[in-house]
Amino acid sequence: MEQQERRTLAWHETLELHELVAFQSVGLMKLKLSYRKVPDQELKEIYNKCIHDLEHNLSELLKFYPSAPGYPGREDDEDYREDVGFYAGDLLSLSKALVRNLSVAITETATPALRNVLTKQLNAGIKGHERIFNYMYKNGLYPSYDLGRLLGLDIQNAQKALRMKYK
C-alpha cells in the first residue's frame with residue numbers, strides 16, 4: 001500500500017500526536033490565563049501571536065485524531081477533573097521537560113562535580129515525574145493504557161483551550 005493511501009496513523013505517530021496536543025493545550029491555557037496580567041504592550045502582542053500560533057497548531061493537529069487507532073474519544077468527565085487535570089497536566093509537562101533538559105545537559109557536561117549534581121537532579125526529576133504520573137493515572141486523568149480515552153482527553157483539553165477567552 002502506498003503511503004498516500006494510508007487512512008490510519010501508526011501507533012508511534014499517534015503517541016507523538018498525543019504528546020504534542022497535550023503539551024500545546026496546556027501551554028495555550030497558561031498563555032490565555034496570563035495574558036491580562038502582562039504589563040508590557042509589546043510583550044502582550046508577542047503573547048497574542050503565540051496564542052494564535054498555538055490555536056492554529058491545535059486546529060491542524062486535531063484533524064488527525066479521526067485517523068488515530070483508538071478513536072473515537074470517550075465520555076465527558078466531571079467539572080472538577082478539568083481544573084485538576086489542567087494543573088496535573090501542567091506539572092507532568094514540567095517534569096518531562098525537566099528530565100529531558102537535565103539529560104541533555106549531562107551529555108554536555110565535562111566537569112565531574114557538575115555531572116554528579118545533574119545526575120542527582122535527573123534521578124529526582126524521574127521520581128517527580130513518576131509521582132505526578134501515578135497521581136494522574138490513579139485519578140483517571142491520564143488513561144495511558146486506554147488509547148481511546150487518552151485521545152478523547154486530548155480532544156477535550158484542546159477544545160477547551162481553543163474556546164477559552166483571554167482578552
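Residues numbered from 1 in each chain as written. Predicted model: local features only at pLDDT ≥ 70, side-chain atom pairs only at ≥ 80, totals over all residues. Heavy atoms only, no water.

K.L.:
Explanation requested: the overall build of the protein in the structure shown.
P.N.:
If you tally the helices and strands in the protein, you get five helices and zero strands. In sequence order, the protein lays out its α and β elements as α-α-α-α-α. Sequence-distant contacts in the protein: of pairs separated by 6 or more residues, those separated by 24 or more amount to 75%. Put simply, the protein shows about 10,900 Å² of open surface, and 55% of that area lies on carbon and sulfur atoms. (Helix = DSSP H or I, 4+ residues; strand = E, 2+ residues; numbered from the N terminus. Contact = heavy atoms within 4.5 Å. Areas by Shrake-Rupley, 256 points an atom, 1.4 Å probe, with all protein chains shown as cover.)

K.L.:
What exactly am I supposed to notice about the nonpolar core here?
P.N.:
Generally speaking, a soluble globular protein has its nonpolar side chains buried in company with each other. Counting residues in each nonpolar core, the largest one holds 30 residues, and the members touching the most others are Leu17, Val21, Leu28, Ile51, Leu62, Tyr65 and Met136. Of all the secondary-structure elements, those providing two or more residues to this core are α1 (11-34), α2 (41-62), α3 (79-107), α4 (112-138) and α5 (147-163). Filtering out sequence-adjacent residues up to four positions away, leucine 28 remains in contact with Ile51, Leu54, Glu55, Leu58, Ala161 and Leu162. In terms of nonpolar packing, the next biggest core, distinct from the first, is built from five residues, Val99, Leu102, Ile106 and Leu118 among them. (Core = buried A, V, L, I, M, F, W, Y, C linked by side-chain atoms within 4.5 Å. Buried < 20%, exposed > 50% of the residue type's maximum accessible area, 1.4 Å probe, protein only.)

K.L.:
Can you help me understand α4 in this one?
P.N.:
Working note: α-helix, 3.6 residues per turn, so residues spaced by three or four point in the same direction. Between the first and last C-alpha of α4 there are 39 Å, a value that for 27 residues agrees with the 39 Å anticipated at 1.5 Å per step. Those residues of α4 not exposed but buried are Leu118, Leu122, Gly125, Gly128, Ile132 and Met136. Just downstream of α4 lies glycine 140, where phi reads positive at about 70 degrees. (Expected span 1.5 Å × (residues − 1).)

K.L.:
What is the right way to read the packing of α2 against α5 from this model?
P.N.:
The interhelical angle for the contact between α2 and α5, taken along N-to-C directions, is 145 degrees, at an axis separation of 10 Å. Here α2 runs over α5; the crossing is left-handed. For the pair α2 and α5, contact is made by Glu55, Leu58, Ser59 and Leu62 and by Ile155, Ala158 and Leu162, respectively. (Axes fitted to C-alpha atoms, helices over the stretch in contact; angles between N-to-C directions. Left-handed = near helix turned anticlockwise from the far one by under 90°.)

K.L.:
In this structure, what is going on with the pattern of salt bridges? I would like to understand it.
P.N.:
Pairs can form between side chains of opposite charge whenever their charged atoms are close. Tallied over the entire structure, the rule returns six salt bridges. Its salt-bridge partner being lysine 32, residue glutamate 55 comes within 2.8 Å of it at the nearest N-O pair. On the criterion of sequence distance, the pair formed by glutamate 55 in helix α2 and lysine 32 in helix α1 is long-range, its members being 23 residues apart. Judged on exposure class, the residue glutamate 55 and its partner lysine 32 are both buried. The closest approach of N and O atoms between aspartate 83 and lysine 160, which form a salt bridge, is 3.9 Å. Of this pair, aspartate 83 sits in helix α3 while lysine 160 sits in helix α5; the two residues are 77 residues apart in sequence, bridging distant segments of the chain. (Salt bridge = Lys/Arg side-chain N within 4 Å of Asp/Glu carboxyl O.)

K.L.:
I would appreciate a short explanation of the packing of aromatic side chains in the present structure.
P.N.:
Two measures describe an aromatic ring pair: the distance that separates the ring centres and the angle between the ring planes. According to the stated counting rule, one finds five aromatic pairs in the structure shown. Consider the rings of tyrosine 35 and tyrosine 166, whose centres lie 4.9 Å apart with planes at 85 degrees: the pair is edge-to-face. Placement of the pair is tyrosine 35 in the loop between α1 and α2 and tyrosine 166 in the segment after α5, with a sequence separation of 131 residues. For the pair formed by tyrosine 35 and tyrosine 166, the shared burial category is buried. When the centroid spacing of 5.8 Å and the interplanar angle of 85 degrees are considered together, the rings of tyrosine 137 and tyrosine 145 count as edge-to-face. When its relative accessible area of 71% is taken as the criterion, tyrosine 145 is described as exposed. (Phe/Tyr/Trp six-rings, centres within 6.5 Å; stacked < 30°, edge-to-face > 60°.)

K.L.:
Would you mind showing me how to read α5 here?
P.N.:
End to end, α5 covers 24 Å across 17 residues, agreeing with the expected 24 Å (1.5 Å per residue, within 8%). Within α5, 12 of the 17 residues are buried, leaving the element largely enclosed by the surrounding structure. Within the span of α5, buried status applies to Leu147, Gly148, Leu150, Leu151, Gly152, Leu153, Asp154, Ile155, Gln156, Ala158, Lys160 and Ala161.

K.L.:
Sorry if this is basic, but what is going on with the environment of threonine 119 here?
P.N.:
Note that threonine 119 resides in helix α4. Sequence separation between threonine 119 and serine 103 is 16 residues; the distance between their C-alpha atoms is 8.1 Å. Side-chain polar atoms of threonine 119 contact the backbone oxygen of arginine 115, separated by 2.7 Å. (Polar contact = N/O pair within 3.5 Å; in protein donor to acceptor, adjacent residues only side chain to side chain.)

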